[in-house]
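Chain by chain, the residues:
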Amino acid sequence: MRNYSRQLNKDLYFDPYLFISITLLSLMGLVFLFSASQGNYDATIKQFVFVIFGLLLMFLLSQPDPDFYKNNSLIFLVSSIILIIATFIFGNEINGAKRWLNFGFFSLQSSEMVKITLPVFLAAYLYDKPLPISFKNTLICIILILILTNFVRIQPDLGTSLVILIAGLYILFLAGLSWRFIGVSIGIFLLSLPFIWNNFLEPFQRQRILTLFDPTNDPYGSGWNITQSKIAIGSGGILGKGYQEGSQAHLDFLPETETDFIFSVIAEEFGFFGVCVVLLMFFFIMFRCLYLALNARDRFCRLTIGGLSLIFISTVFINLAMVIGIIPVVGMPLPFISKGGSSLLSFYISFGIIISMATHKKLMQR
Amino acid sequence: MSDIEERRLEKKNFSNRLLFIYIFFAFLFTYFLSKTYSLQISSFSDYEIAALKNKTREVLIQPRRGIIYDRNNNILVNNIPSYNLIVSPSQILNPDILLKNIQQVISLNSEEQTYFFENFEAKASLNRELTIKKNLSPEEIARFEVRRHKFPNVFIDERFSRQHIYPHLFSHAIGFVGNPNDDELEEILSNQDQKLRETRFNYSNAFLLGKTGIESIYDKELRGTFGKKVYEVDAKGKLLKELKFIAPLPGRDLKTALDIDAQKVAYDELDSRRGAVVAVDLDTGEINTYVSSPTFSANKISNGLSSSEFDRLLEDENKPFFDRAGQGRYSPASTIKPAIALFGLENNIIDWDYTIDDPGFFVLPEDGRVYRGWKKGGHGNINLNDAIIESSNTFFFSLAYQSDIDELIKHLSYFGFGRNVCKDCFFPDNGLLPNPQWKINNLNFGWFKGDTVNIGVGQGYLSATPIQLAYYASFLANKGNLNNLSFVKNNIDLKEETFKAKNIIDTDWQKLHDSMIGVIENPKGTAKRLRNLKNYIIAAKSGTVELVSTDTKEDYKIIREVEGKRDHAIIVAFGPMPNPKYAVSVIIENGESGGSVAGPVAIKVLNSLLKK
């Protein structure tokens, strides 16, 4: 037994802290989803299959050496871009948006893959560039980021495109983007806000932002979601209304209970206590990633772990900010808990890569 | 070395930047936690209420309205329960499709369809319910209930409609019910601790409000208290299950003093002529008969009347909606004479032996103006008793001439003139008891002595309603003791109104009654024709209200070609003498003769009340 264990440690790459916390979070997610989907067994079982598959995928992806990801990062990026282009051509149109590629048993949201391949590619591109990063390299990276962001934005998928944008910017920032460049960029961004407002945002997106500032202005229109979500959360109280007892969730007042607003269901049924448990799990994963990033074996691993974990954290926080009404409704799932194939899998993949980066030590370091 | 140094530098740089972002997120994390804390713990009760409001809907249950009885416990007004198919139009986007779908379940005739479309918009804008079909059969109810899920805003509920057992007899006395307007509704609901805004189904059909008559005056007692069903609803407003049921409290039944038989006699005797009859129980001041004619069906008004039918009633020149008994103003004419006589006796202007010479007219000494009596040549030498029996105008012109107008007015108001004499009549008119101040204010003329002289025979500006005349008759019958009139049982034993007199003693009252008996029984009496219509003694005073002043009979013959210019017939009577039980007043517009036209009506009503 002891031999076997040593054998496992020697040949398999595995971070028990992340693995256990993610598994636990996924299983809790199944429990929440069952209630949020009004006790829909089919949806829950389907999600369960995704969880098992995702955990397996995570485990498998943590086995290759980081060099495998570094050397093939361009191939991964190009493949994901091809998937996006394929989506434009063959994609299923749902509610006026072409985001999904249908593989029969599974619809792939191609933009979810870019969320991983872009930061990995940028990390691989920048890991050997001297500090501070030259203006030329910065420009190449930024152009790449903007092209991919725009690809996804015109699908249209504002939420994911924003994640891709910040994913790229995280890597650039962590890789040592000069502070002067950052300062100038922020200045330009602020100045161009009116231009972006007028030219890049759809009317419904503008309405969402306006609603944020005054949700009571239009409680049955675009403010409905935020209002109902706040009512759901607030009426949960300390210990919640009990599992499957949330009136907001079960009487259809809360929109998108299985995806974007599943946190409101948790808050309504399990109260502040449930919220704290879920947030602590996320907090734990977040700081485990920080530890791993700070102790990674080389610059590529550092950048990748840092970038991917920040995407994860950002997604969590964008979702939370949305359901408690701090930012507009953008359509962002709660990782490992919301129903969904592609985005769920993308986080298992991310953490597979993170674990790979964290567990493979260089020979000389051993 | 520099490579290692550079790597160290790079790692430090990376760590600082990553920590920088993490610190930012740690702050965000704390912020979210505090925000959730404030939602779930600080503002918990607000959101708990909001969630509760979201998921519950209150539906009010109509209480049964109180039943109205007559004095012999016969039901006058009842409630008819019916199961109705009701829709909430404000929630319906397409009425055509809705009606089409409903017709696959419950058939509707063309009248019901027309009613639906004609009223849809109005009811929707007021957020009121709309009844699609009344009186559903059990089969129809069953057919609908199994398909109920298809019609989230349509439902079947029990509704009471108000039904007069005698739709025309009590239209003015009891009145009718109708739908309250928003202000009235808000008041009703706030009386019952219900809030209009929170009561999403504020259905008008479930709310009945007494609009006129007893239904209006005693509305609060009759109304009852709403019950409530609290349903759980989903976001689409679909009723899911009943959470709470509070039974409605039925309204209080009301026993009135009205008498069906006497009411029917009065109604039949008036026979759709314009007029009114009021009869009063002398012991209690209760109103036993209250008829205004012509009238209308209270049931039709309460339960929906086609607009053409309603317009026809409204435009009818006989004004069936006008409550002549309580609001019609008529000159009391000669019926005032007993009151004037009492004034003369009280102020020692005359006594029973006092006589005047009646040449058929009275000349006002101030300007020589002539005031004529009804009998050419006059009544000769006449005393008070005969002046009442024969209705001598000259006697009373002369008596009024000697009266102080202010004292006379004070005296007349004891008898109910110029004031409200009824506790529970619906907007009773006070008639007009004119005085010099009134005349200068309203007509911009000073008071002439001739105005006082006219009051002596109940003409001129003086006017009274039939209810006031009934009060007056009762006051005379009771020798100056009376309760205010009321439709329901008076619980007060003490007489509320007492005539305070210095010089009038019981003998005077006795003699007055005798002279009023003489009006019928004496061969010279103005109402002697009534003598054979009864087998007991009645005291009465008839009157003829001149609408147009004429000097000769020939002139009047020209006038009476136009029906509307003919004199009104009027009589007040009480009996049986010597211990009267009931008093009655009758007005028949353009009936010409008080004694022979209004008189028989009064006698028959008294007969009915006395079961003779």
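Residues numbered from 1 in each chain as written. Chains lettered and ligands numbered in written order. Predicted model: local features only at pLDDT ≥ 70, side-chain atom pairs only at ≥ 80, totals over all residues.

A. Summary view of the overall build of chain A. Secondary structure summary: chain A contains 14 helices and three strands in total. The C-alpha radius of gyration of chain A comes to 21 Å, within 12% of the 21 Å expected for a compact globule of 366 residues. For the C-alpha atoms alone, the extent of chain A along its principal axes is close to 60 × 60 × 40 Å. Split into buried and exposed, the 366 residues of chain A put 49% on the buried side. Counted over contacts in chain A with a minimum sequence separation of 6, partners at least 24 positions apart contribute 72%. (Helix = DSSP H or I, 4+ residues; strand = E, 2+ residues; numbered from the N terminus. Rg over C-alpha atoms; globule rule 2.2 N^0.38 Å. Buried ≥ 20, exposed ≤ 12 C-beta atoms within 10 Å, placed from the backbone. Contact = placed C-beta atoms within 7 Å.)

B. Representation of the overall build of chain B within the structure. Scanning chain B for helices and strands turns up 22 helices and 21 strands. Against the globule reference of 25 Å for 612 residues, chain B gives a C-alpha radius of gyration of 36 Å, more extended than a compact globule. Counting only C-alpha atoms and orienting by the principal axes, one finds that chain B spans roughly 155 × 60 × 50 Å. Within chain B, the fraction of its 612 residues that count as buried is 44%. Partitioning the intrachain contacts of chain B with sequence separation of at least 6 by distance along the chain shows that 75% fall at a separation of at least 24.

C. A look at the sheet that holds strand β1 (residues 56–61) of chain B. Residue and element names in this part refer to chain B. Ordered by their spatial adjacency, three strands build an open sheet running β1-β8-β9, and the pairing between neighbours is antiparallel. Every other strand in the sheet has two partners, leaving β1 and β9 (239–246) as the edge strands with one partner each. Across the sheet, the mean angle from the axis of one strand to that of its neighbour is 25°, orientation sign disregarded. (Pairing = 2+ DSSP bridges. Axes fitted to C-alpha atoms, helices over the stretch in contact; angles between N-to-C directions.)

D. Here's a closer look at the interface of chain B and chain A. Tallying the contact residues gives 32 residues for chain B and 35 residues for chain A. For the side of chain B that touches chain A, the elements supplying multiple residues, two or more each, are α1 (2–42) and α2 (44–55) of chain B. The dominant element in the side of chain B that touches chain A, judged by the number of residues it contributes, is α1(B), at 20 residues. Grouping the amino acids of the side of chain B that touches chain A by side-chain chemistry returns 18 nonpolar, six polar and eight charged. (Nonpolar A, V, L, I, M, F, W, Y, C, P; charged D, E, K, R; others polar.)

E. Spotlight on the sheet that holds strand β12 (residues 287–293) of chain B. Residues and elements named next belong to chain B. Taken together, five strands build an open sheet; the order of strands is β12-β11-β21-β20-β19 and the sheet is antiparallel. Two strands in the sheet have a free side with no partner beyond their single neighbour: β12 and β19 (539–545). In this sheet, neighbouring strand axes are inclined to one another by 5° on average, regardless of whether the strands run parallel or antiparallel. Sheet topology places strand β20 (residues 568–575) next to strand β21 (residues 582–588); seven bridges connect them, and they run antiparallel. Its bridge partner being in β21, A569 is matched across the sheet by I588. Across the sheet, helix α9 (residues 260–270) lies against β11 (275–281) and β12, angled at about 25° from β12, the strand it touches most. Docked against the sheet, helix α22 (residues 594–609) engages β11, β12, β19, β20 and β21, running at close to 35° with respect to β20.

F. Broad picture of the domain arrangement of chain B. With domains assigned, chain B is organised as domain 1 (2–42), domain 2 (57–255) and domain 3 (261–313 + 322–609). Here the C-alpha centre of domain 3 of chain B lies 101 Å away from the C-alpha centre of domain 1 of chain B. (Domains from an automatic or database assignment.)

G. View of unusual backbone geometry. Residue and element names in this part refer to chain B. Each neighbour pair has its own omega, and for S293 with P294 the value is -5°, a cis peptide bond. As for its position among the elements, P294 is in the loop between β12 and α10 (298–302). A cis geometry characterises the amide bond from G575 onward to P576, with omega recorded as -5°. Locating P576 in the fold gives a position in the loop between β20 and β21.

H. Quick look at helix α13 (residues 299–323) of chain A. Residues and elements named next belong to chain A. When the terminal C-alpha atoms of α13 are compared, their 36 Å separation across 25 residues agrees well with the 36 Å that a helix rising 1.5 Å per residue should span. Most of α13 is tucked away, with 23 of its 25 residues classed as buried. Residue G325 follows α13 closely and has a positive phi angle near 80°. (Expected span 1.5 Å × (residues − 1).)

I. The arrangement of the environment of A:Y125 in detail. Its place among the elements puts A:Y125 in helix α5 (residues 110–126). For A:Y125, a count of 21 C-beta atoms within 10 Å gives the class buried.

J. Representation of the pairing of β12(B). Residue and element names in this part refer to chain B. Taking burial as the measure, the seven residues of β12 include seven buried ones, the bulk of the element. Bridging between β11 and β12 involves six bridges; their strand directions are antiparallel. Pairing of A276 across the sheet is with S292, part of β12.

K. Examining the environment of B:T56 more closely. Residues and elements named next belong to chain B. As for its placement among the helices and strands, T56 is situated in strand β1. Counting along the chain gives 175 residues from T56 to Y231, while the straight-line C-alpha distance between them is 5.4 Å. Every residue in contact with T56, bar those within four places of it in the chain, is listed here: V230, Y231, E232, V233 and L243.

L. Here's a closer look at the confidence of the model for chain B. Residues and elements named next belong to chain B. Overall, the predicted model of chain B reaches an average pLDDT of 87, with 96% of residues at or above 70. When pLDDT is averaged over each helix and strand of chain B, the minimum, 72, is found for strand β18 (residues 497–498) and the maximum, 96, for β21. Every residue in residues 200–204 is under pLDDT 50, and counting partners more than four places away or in other chains gives 16 contacts. The complex prediction reports pTM at 0.71, with the ipTM value standing at 0.90. (pLDDT = per-residue confidence, 0-100.)

M. Structural view of the packing of α5(A) against helix α7 (residues 158–175) of chain A. Residues and elements named next belong to chain A. Contact geometry for α5 and α7: axes closest at 9 Å, N-to-C directions at 15°. Regarding the angle of α5 to α7, the classification is roughly parallel. α5 and α7 meet at a crossing whose hand is right-handed. Residues S111, E112, V114, K115, L118, P119, L122, A123 and L126 of α5 lie in contact with α7, whose contacting residues are T160, V163, I164, A167, G168, Y170, I171, L172 and A175. Looking at the contact of α5 with α7, its residues break down into 13 nonpolar, three polar and two charged. (Parallel < 35°, antiparallel > 145°, perpendicular 65-115°, else oblique. Left-handed = near helix turned anticlockwise from the far one by under 90°.)

N. Broad picture of the packing of helix α6 (residues 135–153) of chain A against α7(A). Residue and element names in this part refer to chain A. Between α6 and α7, the least distance of the axes is 8 Å, while the angle of their chain directions is 165°. By the criterion of interaxial angle, the relationship of α6 to α7 is roughly antiparallel. The handedness of the crossing between α6 and α7 is right-handed. Taking contact as the criterion, the partners of T138, C141, I145, L148, T149, V152 and R153 in α6 are, on α7, L158, T160, S161, I164, L165, G168, L169 and L172. Classifying every residue of the contact of α6 with α7 gives nine nonpolar, five polar and one charged.

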